[in-house]
Amino acid sequence: MPAEQEAAAVPPQAKGSWSSFLKSMASFNGDLSSMTAPAFILSTTSLTEFSAYWSEMPRLLTAPAKEPDPQKRTMLVMKWFISTLKQQYASRNEKLGSEKKPLNPFLGELFLGKWEDEEGVTQLVSEQVSHHPPVTAYNIHNDTHGVRLQGYNAQKASFRTTIHVKQVGHAVLHLDKYNEDYLITFPPLHIEGLITGSPYVELNTSSYIIGSNGYACRIDYSGKGWVSGTKNSLHATVYPHGKEKDKSSILYTADGSWTDSFTIKDAKKSVVDVYNAKKEPKTPLQVAPIAQQDPLESRRAWQRVAEAIQKGDMNATSYEKNIIEEKQRELRKREAGEKREWERRYFTRMESAPVLEKLTKEVPGGSLERDQTNGVWVFDGEKARVGGGR
Ligand code: HC3
């Protein structure tokens, strides 16, 4: 890389701290939450908010519930899943000019909201259920159409010329009407553009959707540096369980870009749908005003930190972050003394999860990896009813 191209997007006053950050990456221990990054790359948004990316277009989430044919339903689940990728992985880059380092949620942190549109009300609950390792759990439900998405995720990172992130955990989409579950695995990703100071996410290898109806979907990702050479490319197939490698069993395909448009074709190669990510309208998420939020709600809890980041005031940022961390240390000490664990407000750790275990077996090399997520986390409707409030 020519010297003049290096750190092109880094503000002049941050060049030194960015190059120190890049050097520190050589001894990166894989814990993304412990990574100290320069002020200009810090985001004011906590990872608990990322759960909302799953349902910014509620009509795509509810579409499978309206489809009587199981093969088409699986195709619609695939379409919804691919439609979420742009927001999940490219929205910060588009909005803020680069990927930023999100705030590390504290144990018990909440992010609550809802979408209201022609699909009815779609509710979101996101909770940080573990701090070591960091795990975020979420539940999104739309009672009008009997659709529920619940899941939890953690990240395992490593450094090999750039940051590589393996996502641990899964999501399950449940359709009441058909009593169907779809296990969703998450794509591995890596960070591009680190050297120039304008990081962005690229997805790689593949992820799966495994339906309890006997159909599955594999999505393959490639980027600029890959064979096709086109940024954010994908190729997906829908097939009956066990027929992943049998080309003659393919029921649907999807090809294109997850940030631009992709085309869905049936087994006869006829186009059934063209999805344009740039044109699809989103429903805005409604979040309570900060003053009305619970003290554990993300935007309220991080308000002062976010203000300090926005001002670019690193001293105030560290000071305000330290107040939150100190309080957390006190709470953990008290819990240890009383030999009890922090009570999660909406989720419960499950000892056995038969549906998940069964569907996970259909994922090549699949395993629940509970040791990496501090357990298997399930939304607890009773807890939510009794203590959840909003
Ligand atoms: C790796 C990541 C944090 C995790 C983010 C996840 C995997 C969280 C779950 C969402 O459903 C999907 C998602 C999208 C983006 C992932 C983030 C991208 C960058 C961030 C790192 C912790 C920041 C790396 C620091 C930086 C920007 C300097 O390179």
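Residues numbered from 1 in each chain as written. Predicted model: local features only at pLDDT ≥ 70, side-chain atom pairs only at ≥ 80, totals over all residues. Heavy atoms only, no water.

Looking at an unreviewed UniProt entry, one finds the protein named Oxysterol-binding protein, with Salinomyces thailandicus as its source organism. UniProt, in its Sequence similarities (unreviewed entry) section for the protein, records the words "Belongs to the OSBP family." (UniProt positions renumbered as here; feature names shortened; annotations may be inferred.)

Visitor: Can you break down the overall build of the protein residue by residue, with the values?
Guide: What the protein contains, in helices and strands, is eight helices and 18 strands. The C-alpha atoms of the protein give 21 Å as radius of gyration, which agrees with the globular expectation for 390 residues (21 Å, within 12%). Taken along its principal axes, the extent of the C-alpha atoms in the protein is 60 × 60 × 40 Å. Looking at the protein as a whole, 51% of its 390 residues are labelled buried. Pairs at least 24 apart in sequence give 57% of the contacts found in the protein among residues at least 6 apart. Here the protein has roughly 18,500 Å² of accessible surface; of this, 52% comes from carbon and sulfur atoms. The positive charge centre, built from 51 side chains, and the negative charge centre, built from 48, are 2 Å apart in the protein. (Helix = DSSP H or I, 4+ residues; strand = E, 2+ residues; numbered from the N terminus. Rg over C-alpha atoms; globule rule 2.2 N^0.38 Å. Buried < 20%, exposed > 50% of the residue type's maximum accessible area, 1.4 Å probe, protein only. Contact = heavy atoms within 4.5 Å. Areas by Shrake-Rupley, 256 points an atom, 1.4 Å probe, with all protein chains shown as cover. Lys, Arg positive; Asp, Glu negative; His and termini not counted. Charge placed at Lys NZ, Arg CZ, Asp CG, Glu CD.)

Visitor: How would you summarise the site of the ligand if you had to cite specific residues and measurements?
Guide: The ligand sits among 20 residues. The nearest are Met35, Gln88, Arg92, Asn153 and Gln167. Gln88 is positioned such that a nitrogen or oxygen atom in its side chain is 2.7 Å from an oxygen atom of the ligand. Those elements that place two or more of their residues in the shell around the ligand are α3 (70-96), β6 (147-160) and β7 (162-175). (Near = heavy atom within 4 Å. Polar contact = N/O pair within 3.5 Å; in protein donor to acceptor, adjacent residues only side chain to side chain.)

Visitor: Lay out α3 in plain terms, naming residues and giving numbers.
Guide: With 27 residues, α3 should cover 39 Å at 1.5 Å per step; its first-to-last C-alpha distance of 40 Å lies within 8% of that length. Approximately 65° is the largest bend angle found in α3, and it occurs at Ala90. Counting buried residues in α3 gives 20 out of 27 residues, a clear majority hidden from the surface. Between the side-chain oxygen at the start of α3 and the backbone nitrogen of Gln71 there is a gap of 3.2 Å, and the oxygen is on Asp69. (Expected span 1.5 Å × (residues − 1). Bend = angle between axes of the 7 residues up to and from the residue.)

Visitor: So what's going on with the nonpolar core? Which residues, and what values?
Guide: Met78, Trp80, Phe81, Ile82, Leu173 and Ile184 are the most contacted members of the largest nonpolar core, which has 99 residues in total. At 10 residues, the largest contribution of residues to this core is made by α3. (Core = buried A, V, L, I, M, F, W, Y, C linked by side-chain atoms within 4.5 Å.)

Visitor: Go over the pairing of strand β11 (residues 205-211) with me, naming the residues and quoting the values.
Guide: Of all the seven residues making up β11, five are buried; the element is thus mostly covered by neighbouring parts of the structure. Examined bridge by bridge, strand β8 (residues 180-184) and β11 share three bridges and lie antiparallel to one another. If you follow Tyr182 over to β11, its bridge partner there is Gly211. Pairing of β11 with strand β12 (residues 215-222), which is carried by six bridges, proceeds in the antiparallel orientation. (Pairing = 2+ DSSP bridges.)

Visitor: A description of the packing of aromatic side chains should follow, citing residues and the corresponding values.
Guide: One pass over the full model with this rule turns up 12 aromatic pairs. With centroids separated by 5.9 Å and ring planes inclined at 45°, the aromatic side chains of Trp54 and Phe186 adopt a geometry described as tilted. Of this pair, Trp54 sits in the loop between β1 (42-46) and α2 (58-62) while Phe186 sits in the loop between β8 and β9 (189-192), and the two are 132 residues apart along the sequence. There is no split in this pair, since Trp54 and Phe186 are both buried. For Arg73, the ring lying beneath its charged end belongs to Tyr178, and the centroid distance is 3.6 Å. The aromatic ring of Tyr200 is capped on one face by Lys231, whose charged end is 4.5 Å from the ring centroid. (Phe/Tyr/Trp six-rings, centres within 6.5 Å; stacked < 30°, edge-to-face > 60°. Lys NZ or Arg CZ within 6 Å of the ring centre and 35° of its normal.)

Visitor: Mind laying out the pairing of strand β10 (residues 200-203), listing which residues take part and the relevant values?
Guide: Side-chain alternation along β10 places Tyr200 and Glu202 on one buried face and Val201 and Leu203 on a second face that is also buried. For β9 and β10, the ladder comprises four bridges, and the chain directions are antiparallel. Note that in β10 the partner of Leu189 across the bridge is Leu203.

Visitor: Would you mind going over the environment of Gly120 in detail, with residue names and values included?
Guide: On the secondary structure map, Gly120 appears in strand β4 (residues 120-130). With relative accessibility at 21%, the residue Gly120 sits in the partly exposed group. Expressed as a C-alpha distance, the spacing of Gly120 and Ser233, which sit 113 residues apart in the sequence, is 33 Å.

Visitor: Account for the packing of helix α5 (residues 303-311) against helix α6 (residues 314-337), naming residues and giving values.
Guide: Running from amino to carboxyl end, α5 crosses α6 at an angle of 165°, the nearest separation of the two axes being 8 Å. With respect to α6, the axis of α5 lies roughly antiparallel. Once α5 is placed against α6, the crossing between them reads as left-handed. Contact residues: Arg304, Val305, Ala308 and Ile309 in α5; Ala316, Thr317, Glu320, Lys321 and Ile324 in α6. Here the residues of the contact of α5 with α6 are counted per class, giving five nonpolar, one polar and three charged. (Axes fitted to C-alpha atoms, helices over the stretch in contact; angles between N-to-C directions. Parallel < 35°, antiparallel > 145°, perpendicular 65-115°, else oblique. Left-handed = near helix turned anticlockwise from the far one by under 90°. Nonpolar A, V, L, I, M, F, W, Y, C, P; charged D, E, K, R; others polar.)

Visitor: Describe in detail the side chain of Arg92, supporting the description with residues and values.
Guide: Relative to the elements of secondary structure, Arg92 occurs in helix α3. Under the relative-accessibility criterion, Arg92 is labelled buried at 9%. Of note is the side chain of Arg92, whose polar atom sits 3.4 Å from the backbone oxygen of Gln87. In this structure, Arg92 is in contact with Phe50, Tyr53, Gln87, Gly97, Ser98 and Glu99, ignoring residues within four places of it in sequence.

Visitor: Give me the lowdown on the pattern of salt bridges, citing residues and values where you can.
Guide: In the structure shown here, the tally under the stated rule is 23 salt bridges. Among the ionic pairs, Glu335 bridges to Arg332, the shortest N-O distance being 3.0 Å. Taken as a pair, Glu335 and Arg332 lie in helix α6 at a separation of three residues, close to a single helical turn. Residue Glu343 pairs with Lys383 through a salt bridge whose shortest N-O separation is 3.3 Å. Of this pair, Glu343 sits in the loop between α6 and β17 (347-350) while Lys383 sits in helix α8 (residues 381-387), placing them 40 residues apart in sequence. A relative accessible area of 59% places Glu343 in the exposed class. When salt bridges that share partners are traced, they join Arg59, Glu118 and Glu280 into one network. (Salt bridge = Lys/Arg side-chain N within 4 Å of Asp/Glu carboxyl O.)

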